[in-house]
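# Secondary and tertiary structure notes
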Amino acid sequence: MPTLRALECLIAVLDAGSITDAAAALHMSQPALSHQLAALEREIGAPVVERLPRGVRATAVGRAVEADARAALSAADRVIGGGRAAARGDSGQLRLACAESLTASLLAPVLRTWLRRHPGLEVRLTEAVSADDLVRHIESGCADLAFGPRPSRWSGAAERIGLEEVVAVLSNGHPLADRDHLTFADLRDHPLVHYHPDNGLSAWLDTEAARHGTTLTPVMRTRQAATAAQLAAAGLGIALVPTTALTSGLSATLKRLRPTLSRDLVCLIGTPADPLVRRFTADIIKRGVPQSPSAKTQLDARR
């Protein structure tokens, strides 16, 4: 198969009408250019240029391949230009997977800035309900980056975003609302707004409760942490909710757990050498773990 360099030499010779001028335009020696033309002619099996006493001109074969040679060089230029534009974030596609509790608070603000600066960038986003789900998206090649709790199995590249605290959400006036903090033992005799088994919080919270000698009593299960917080605020039961999922308008009482219950949030990187991926990761890490201002005020007041 002919190289792009050989095609570039052919077009330069045809445009210049001279081996000498074409070599000068390409910053090559004349022997090097002649070598490229000879390789192209061996590949085709026929001469592509005819040497004249003064310059050169295309043979019938050279004229036949000229249009395709120009098209191939134009396509190569588009490949390079498109790749550079994608590396700058001006075009291309970025595939993201994110834990559903982090989509609005962590990802949306960074995406808002990125899409305003890079309107030609296409972003594809998939929400996940567990750390294992995030790993599957990366390993299957469906995502370039995944954001969420640190998975139990992952040997690839990862960056720590920060620490996410899980707190108890109670309705205002709940019998435990006057406590400074809650323990898992305090939850034993109270109904819990728990999570659907598909949500990674379900198994993790059950494991943490068992570690403290407690069995949680679900009154219902939901797939979303924000929904659990709203139902707890309505009085259905206590919910254990990551602070990243708490909204500013939530009318509820928040209690820290003792000992503090928290987990690492990480960014799993499927293509660590990609400059676009590295830049987006850096912006996510710079933002850090978000938290509702009103939730932070209430929790800090009870330290």
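Residues numbered from 1 in each chain as written. Predicted model: local features only at pLDDT ≥ 70, side-chain atom pairs only at ≥ 80, totals over all residues. Heavy atoms only, no water.

## Regarding the overall build of the protein chain
For the protein chain, the helix and strand inventory stands at eleven helices and eleven strands. The C-alpha radius of gyration of the protein chain comes to 31 Å, more than 25% above the 19 Å expected for a compact globule of 303 residues. Across its three principal directions, the C-alpha atoms of the protein chain cover 105 × 30 × 25 Å. Residues classed as buried in the protein chain amount to 44% of the 303 residues present. By sequence separation, contacts in the protein chain at least 24 residues apart represent 74% of the contacts at least 6 residues apart. Of the roughly 15100 Å² that the protein chain leaves accessible, carbon and sulfur atoms contribute 52%. Charge centroids of the protein chain, computed over 35 positive and 31 negative side chains, lie 4 Å from each other. (Helix = DSSP H or I, 4+ residues; strand = E, 2+ residues; numbered from the N terminus. Rg over C-alpha atoms; globule rule 2.2 N^0.38 Å. Buried < 20%, exposed > 50% of the residue type's maximum accessible area, 1.4 Å probe, protein only. Contact = heavy atoms within 4.5 Å. Areas by Shrake-Rupley, 256 points an atom, 1.4 Å probe, with all protein chains shown as cover. Lys, Arg positive; Asp, Glu negative; His and termini not counted. Charge placed at Lys NZ, Arg CZ, Asp CG, Glu CD.)

## Digging into helix H10 (residues 275–287)
An ideal rise of 1.5 Å per residue puts 18 Å on 13 residues; H10 measures up with 19 Å between its terminal C-alpha atoms. For H10, the set of buried residues is Leu276, Val277, Phe280, Thr281 and Ile284. Down the axis, H10 shows its buried residues gathered within 130° of arc, on one side only. Two or three places before Leu276, at the start of H10, stands the capping residue Asp274, its side-chain oxygen 2.8 Å from that residue's backbone nitrogen. Just past H10, the residue Gly288 takes up positive phi, approximately 75°. (Expected span 1.5 Å × (residues − 1). Arc of directions from axis to C-beta. Polar contact = N/O pair within 3.5 Å; in protein donor to acceptor, adjacent residues only side chain to side chain.)

## Observations concerning a positive patch on the surface
Among the surface-exposed residues, Arg112, Arg116, Arg117, Lys286 and Arg287 lie close enough to one another that they form a single positively charged patch. Every element with two or more residues in the positive patch is listed here: helix H5 (103–117) and H10. Element by element, the count of residues in the positive patch is highest for H5, at three residues. Locating Arg287 in the fold gives a position in helix H10. Residue class for Arg287 comes out partly exposed when judged on its relative accessible area of 40%. (Patch = residues over 30% accessible without salt bridge, like charges linked within 9 Å, V, L, I, M, F, W, Y side chains within 5 Å. Salt bridge = Lys/Arg side-chain N within 4 Å of Asp/Glu carboxyl O.)

## Focus: the side chain of Asp144
Within the secondary structure, Asp144 is located in the loop between helix H6 (131–139) and strand E5 (145–149). Given the relative accessible area of 8%, Asp144 is considered buried.

## Examining the packing of aromatic side chains
Considering all chains together, one arrives at two aromatic pairs under this definition. Ring centres of Phe147 and Phe280 lie 6.2 Å apart, and the angle between their planes is 50°; this geometry places the pair in the tilted category. One end of the pair, Phe147, is in strand E5; the other, Phe280, is in helix H10, and 133 residues separate them in sequence. Pair check on accessibility: Phe147 and Phe280 agree, each one buried. Grouping aromatic residues by their ring pairs yields a cluster made of Trp114, Phe147 and Phe280. In this structure, Arg263 is placed above the aromatic ring of Trp204, and the distance from its NZ or CZ to the ring centre is 5.4 Å. (Phe/Tyr/Trp six-rings, centres within 6.5 Å; stacked < 30°, edge-to-face > 60°. Lys NZ or Arg CZ within 6 Å of the ring centre and 35° of its normal.)

## With respect to the domain arrangement of the protein chain
Split by domain assignment, the protein chain resolves into domain 1 (4–88) and domain 2 (103–302). Here the C-alpha centroids of domain 1 and domain 2 sit 58 Å apart. (Domains from an automatic or database assignment.)

## Things to note about the pairing of strand E6 (residues 157–170)
Examined bridge by bridge, E6 and strand E11 (residues 261–269) share nine bridges and lie antiparallel to one another. Within E11, the residue paired with Ala158 across the bridge is Leu268. For E6 and strand E10 (residues 253–255), the ladder comprises three bridges, and the chain directions are antiparallel. By the bridge assignment for E10, Ala168 is matched with Lys255. (Pairing = 2+ DSSP bridges.)

## Observations concerning the UniProt feature "domain: HTH lysR-type" (unreviewed entry) in the protein chain
As annotated in UniProt, the feature "domain: HTH lysR-type" (unreviewed entry) corresponds to residues 2–59 in the numbering used here. Spanning residues 2–59, this segment combines 60% helix with 14% strand, and its end C-alpha atoms are found 18 Å apart. (UniProt positions renumbered as here; feature names shortened; annotations may be inferred.)

## Thoughts on the nonpolar core
Core analysis: the largest hydrophobic core is formed by 32 residues, its most contacted members being Val169, Leu205, Leu240, Val241, Leu246 and Leu250. Those elements that place two or more of their residues in this core are E6, helix H7 (184–187), strand E7 (191–195), helix H8 (200–211), helix H9 (225–233) and strand E9 (238–242). Apart from the residues within four sequence positions on either side, Leu205 is in contact with Val166, Phe184, His194, Tyr195, Leu216, Leu240 and Leu261. The next biggest cluster of nonpolar side chains, apart from the first, holds 22 residues, and it includes Leu10, Ala12, Ala22 and Met28. (Core = buried A, V, L, I, M, F, W, Y, C linked by side-chain atoms within 4.5 Å.)

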